[in-house]
Amino acid sequence: GAVVSQHPSRVICKSGTSVKIECRSLDFQATTMFWYRQFPKQSLMLMATSNEGSKATYEQGVEKDKFLINHASLTLSTLTVTSAHPEDSSFYICSARGGTLSSYEQYFGPGTRLTVT
Amino acid sequence: AQTVTQSQPEMSVQEAETVTLSCTYDTSESDYYLFWYKQPPSRQMILVIRQEAYKQQNATENRFSVNFQKAAKSFSLKISDSQLGDAAMYFCAYRSANFGNEKLTFGTGTRLTIIP
């Protein structure tokens, strides 16, 4: 149980285009989802927290108009990187918690590697 | 704001030996959770062990155990009988127990190498 998937696992896009990353909880209802960014050989940095049906809460320094987060259902959250630039190239990881799962635990997706050319 | 510090960027250990990874944190809260996550080359984050701050007893999960020193704000991970599959990045993380503040704050990580 407690499986989180991400799609796609890898994506390459051209500078100036937008790309959408999906995060799904496969066997539980995720009341809260988190989006992290991880640069090579660095730690995970929280970008935003989203609760189902509510607007996402962004961390300081994260541009909400550039990184659009939609948590429209209890099993799906999406991250859209708008007008992507090479500096947006990174590894994006989502995590989810909620439902009947323990309140302190987050379950992580396998991540999405974004390369902007 | 809470901070988590891992002062060992890299560690190595002989297979079957024991290794301890260090983590310190800073917080003004009295109730919180601490975690160790493992990130293998696949990049999938895997929960290794968790500790509730209100529990004095150190958590143990098979070969993995922690030394939680609340007053010192220290949370080290001991891996016994190291195996090749333990090779990975290990991240220490903090989470408040306050409702509505569920975000994880991660340390910078320790890369563990297992020497055959």
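Residues numbered from 1 in each chain as written. Chains lettered and ligands numbered in written order. Predicted model: local features only at pLDDT ≥ 70, side-chain atom pairs only at ≥ 80, totals over all residues. Heavy atoms only, no water.

Asker: With reference to specific residues and values, describe the packing of aromatic side chains.
Answerer: Evaluation of the coordinates by the stated rule reveals 15 aromatic pairs over all chains. Judged by centre distance (5.2 Å) and plane angle (75°), the rings of Phe108(A) and Tyr37(B) are edge-to-face. Here Phe108(A) is found in strand β10 (residues 107-108), whereas its partner Tyr37(B) is found in strand β5 (residues 32-39) on a different chain. Owing to a relative accessible area of 1%, Tyr37(B) belongs among the buried residues under this scheme. Centre to centre, the rings of Tyr25(B) and Tyr32(B) are 5.3 Å apart; their planes meet at 65°, and the pair counts as edge-to-face. Tyr32(B) carries the same exposure label as Tyr25(B), and that label is buried. Every member of this aromatic cluster is reached through a ring pair, and the members are Tyr36(A), Phe108(A), Tyr33(B), Phe35(B), Tyr37(B), Phe91(B) and Phe106(B). (Phe/Tyr/Trp six-rings, centres within 6.5 Å; stacked < 30°, edge-to-face > 60°. Helix = DSSP H or I, 4+ residues; strand = E, 2+ residues; numbered from the N terminus. Buried < 20%, exposed > 50% of the residue type's maximum accessible area, 1.4 Å probe, protein only.)

Asker: Could you give an account of the pattern of salt bridges, naming the residues involved and the relevant values?
Answerer: Taken as a whole and judged by the stated rule, the model has eight salt bridges over all chains. With a closest N to O distance of 2.8 Å, Glu102(B) and Arg97(A) form a salt bridge. Separated into two different chains, Glu102(B) in the loop between β10 (88-96) and β11 (104-106) and Arg97(A) in strand β9 (residues 90-97) make up a pair that spans both. When its relative accessible area of 12% is taken as the criterion, Glu102(B) is described as buried. With a relative accessible area of 11%, Arg97(A) lands in the buried category. Within the structure, one salt-bridge network assembled from shared partners comprises Arg50(B), Glu52(B) and Lys55(B). (Salt bridge = Lys/Arg side-chain N within 4 Å of Asp/Glu carboxyl O.)

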